[in-house]
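# Fold and contact review
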Amino acid sequence: MSVYWNSRVRKLDPYIPGEQPRDRKFIKLNTNENPYPPPPGVVEAIRKAAGEALRLYPDPSCLEPRLAIAERYGVRPGQVFIGNGSDEVLAFAFAAFFGKGAGGSMDKAAPPLLFPDITYSFYPVYAALWDIPFITVPLSENFTISINDYCTNSGGAVFPNPNAPTGIALKAEEILPLAEYQGRNNRVLIVDEAYGAFAGTGPLPGEGLLGAESLVPYIGGHPNMLTVHTLSKMASLAGLRAGFAIGNEALIEGLCRVRDSFNSYPVDRLAQAGISAAMADAGYYAGTARKVIATRERVAPLLREAGFEALPSAANFIFIRRPGKTGAELFAAFRERGILVRQWDRGRITGFARVSIGTDAEMDEFLSAARQIAGAGK
Ligand code: PMP
């Protein structure tokens, strides 16, 4: 605490990202990065952009990468908003669509936003930042999102599909009735598709970056639904900080209003060049996504054989536990063996660790560490 902090800063409880070790000695399975490199075309485009033109501000409207995204996803450029990572897009979306006055409500008290009790731990942080009241909705016994629980009077809803850190996905058609329910009250539904490309069989053939359960094809019929995407996971570009939202033009305009009240240029010239180039290489990502899915499907049963419980994942990570051990113990045991994983010992996820899917060679090392750890616990 500092006397220089105002009351807003004093009450913040900031998000803590996974460790980024500087010495690179670890097998890094803690922040859901993609283990495969980005395609050479992206790196080349960024190199080209890193020249004399850096003297100039970037295009504030991100027109070129928006055109590239629109073409790839089959939407109009006016239905695309780009930000500095999807974290920023989400922060803007919370500011634009939730809290006081959501859905045109004139009530003094803002209706509460709904999101799962176990989900991306940045959501409550954004809610606190923007003074948005919220209610967390418990996942069902088997850790799935029960859509009916969100069909209630509220200030809107947000969740990832697949959910994080559980990795469990819903089908697109299970989510659509909620979009309709929330739409009848003019509330916004945000579906965070950060891990969408790893659901089902992976990216749809011919469409490259679109996951099988993506809601992007339905945004035309659901003007209150915003889908949020990132190039950090499936496109191997976590270091570029590039995320985007797809939704109807009025939602996109709301996001632009927040951005332009904050920073007109959050997406720099290098990122804009990288995003445009990334959209040209959809086939490459479909290939890496399928490799990640194949590794996940190989590793999960072997972990179960080794005595771990592993939730059925549709993402590029697996949520595991070893009965008798806390998450902190698992974290420490893997770390001792040179492997970084993530854990949150709280509530119903006490005892779980989240393990990102690495290369096959990395996962073989992870599996041998897991077998040792399980053996030591017997
Ligand atoms: N949504 C979810 C569910 C995530 O797990 C993450 C990654 N931490 C993000 C959004 C943000 O990703 P980025 O800012 O790298 O685009």
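Keep in mind that what you see is a predicted model, and the values were worked out from it rather than measured.

A few words now on helix α4 (residues 86-97). Residues three or four positions apart in an α-helix share a direction because the helix packs 3.6 residues into each turn. Compared with an ideal rise of 1.5 Å per residue, which puts 12 residues at 16 Å, α4 spans 16 Å between its outermost C-alpha atoms and is within 8% of the ideal. Burial analysis of α4 places 9 of its 12 residues in the buried class, the great majority of the element. All of the buried residues along α4 are Ser-86, Glu-88, Val-89, Leu-90, Ala-91, Phe-92, Ala-93, Phe-94 and Phe-97. Immediately beyond the C-terminal end of α4, within one or two residues, lies Gly-99, with a positive phi of roughly 95°.

For the rest of this paragraph, the subject is the domain arrangement of the chain. Per the domain assignment, the segments of the chain are domain 1 (7-37 + 283-376) and domain 2 (40-282). Relative to domain 2, the C-alpha centre of domain 1 lies at a distance of 24 Å. Interface of domain 1 and domain 2: buried area, both sides summed, is about 3100 Å²; carbon and sulfur atoms make up 59% of it. Taken together, the links from domain 1 to domain 2 amount to 2 salt bridges. A salt bridge links Lys-11 to Asp-131, with the nearest nitrogen and oxygen atoms 3.0 Å apart. Joining domain 1 to domain 2, the criterion identifies 19 residue pairs in polar contact (both at pLDDT 80 or more). Going through the elements one at a time, α9 (282-305), β10 (317-321) and β13 (352-356) are the ones with two or more residues in the side of domain 1 that touches domain 2. A per-element tally of the side of domain 1 that touches domain 2 places α9 first, with 10 residues. In the side of domain 1 that touches domain 2, the residues fall into 20 nonpolar, 7 polar and 10 charged.

So, on to the site of the ligand. Every one of the 13 residues lining the ligand counts as a neighbour, but Ser-86, Asp-192, Tyr-195, Thr-230 and Ser-232 are closest to it. Asp-87 is positioned with one of its backbone polar atoms (N or O) 3.0 Å from an oxygen atom of the ligand. Taking Thr-230, its side chain carries an N or O atom lying 2.5 Å from an oxygen atom of the ligand. Against a free-state accessible area of 400 Å², the protein chains account for coverage of 91% of the ligand. A class-by-class count of the residues in the shell around the ligand yields 5 nonpolar, 4 polar and 4 charged.

With that settled, the discussion passes to helix α10 (residues 327-336). When α10 is considered as a whole, its buried residues turn out to be Gly-327, Leu-330, Ala-333 and Phe-334. The arc that holds the buried residues of α10, viewed along the axis, is 130°, so those residues lie on one side.

Our next topic: the packing of aromatic side chains. Taken as a whole and assessed by the stated rule, the structure comprises 21 aromatic pairs. Look at Phe-143 and Phe-352: their rings are 5.6 Å apart centre to centre, the planes differ by 75°, and that puts the pair in the edge-to-face class. Taken as a pair, Phe-143 in the loop between β4 (134-137) and β5 (157-160) and Phe-352 in strand β13 lie far apart in primary sequence, 209 residues in all. On the accessibility criterion, Phe-143 (8% relative accessible area) is buried. Taken together through their ring pairs, the aromatic side chains of Tyr-15, Phe-94, Phe-98, Phe-115, Tyr-120, Phe-122, Tyr-123, Tyr-126 and Phe-134 make up a single cluster. Lying over the aromatic face of Tyr-36, Lys-291 brings its terminal NZ or CZ to 4.2 Å of the ring centre.

On to the pairing of β13, then. Judged by how many residues are buried, β13 sits mostly within the fold: 5 of 5 residues are covered. Where burial is concerned, the two faces of β13 agree: the one with Phe-352, Arg-354 and Ser-356 and the one with Ala-353 and Val-355 are both buried. Here strand β12 (residues 342-343) runs beside β13; their pairing, made up of 2 bridges, is antiparallel. Paired with Gln-343 across the two strands is Ala-353, which belongs to β13.

Below, the discussion takes up empty space enclosed by the protein. If you walk through the whole model with that rule in mind, you get 4 cavities of 30 Å³ or more. Space inside the largest cavity adds up to approximately 130 Å³. Tyr-73, Glu-193, Ala-197, Leu-209 and His-229 are the residues nearest the centre of the largest cavity, which is lined by 15 residues in total. For the lining of the largest cavity, the class distribution of residues is 9 nonpolar, 5 polar and 1 charged. When its volume is computed, the second largest cavity comes out at roughly 60 Å³.

Thresholds applied
Residues numbered from 1 in each chain as written. Predicted model: local features only at pLDDT ≥ 70, side-chain atom pairs only at ≥ 80, totals over all residues. Heavy atoms only, no water. Helix = DSSP H or I, 4+ residues; strand = E, 2+ residues; numbered from the N terminus. Expected span 1.5 Å × (residues − 1). Buried < 20%, exposed > 50% of the residue type's maximum accessible area, 1.4 Å probe, protein only. Domains from an automatic or database assignment. Buried area = accessible area lost by both parts, 1.4 Å probe. Salt bridge = Lys/Arg side-chain N within 4 Å of Asp/Glu carboxyl O. Polar contact = N/O pair within 3.5 Å; in protein donor to acceptor, adjacent residues only side chain to side chain. Nonpolar A, V, L, I, M, F, W, Y, C, P; charged D, E, K, R; others polar. Near = heavy atom within 4 Å. Areas by Shrake-Rupley, 256 points an atom, 1.4 Å probe, with all protein chains shown as cover. Arc of directions from axis to C-beta. Phe/Tyr/Trp six-rings, centres within 6.5 Å; stacked < 30°, edge-to-face > 60°. Lys NZ or Arg CZ within 6 Å of the ring centre and 35° of its normal. Pairing = 2+ DSSP bridges. 1 Å grid on protein atoms, 1.4 Å probe; cavity = no way out; pocket = protein on both sides within 12 Å on 5 of 7 lines; lining within 4 Å. Points joined across faces, edges and corners; volume = space filled by probe spheres on them.

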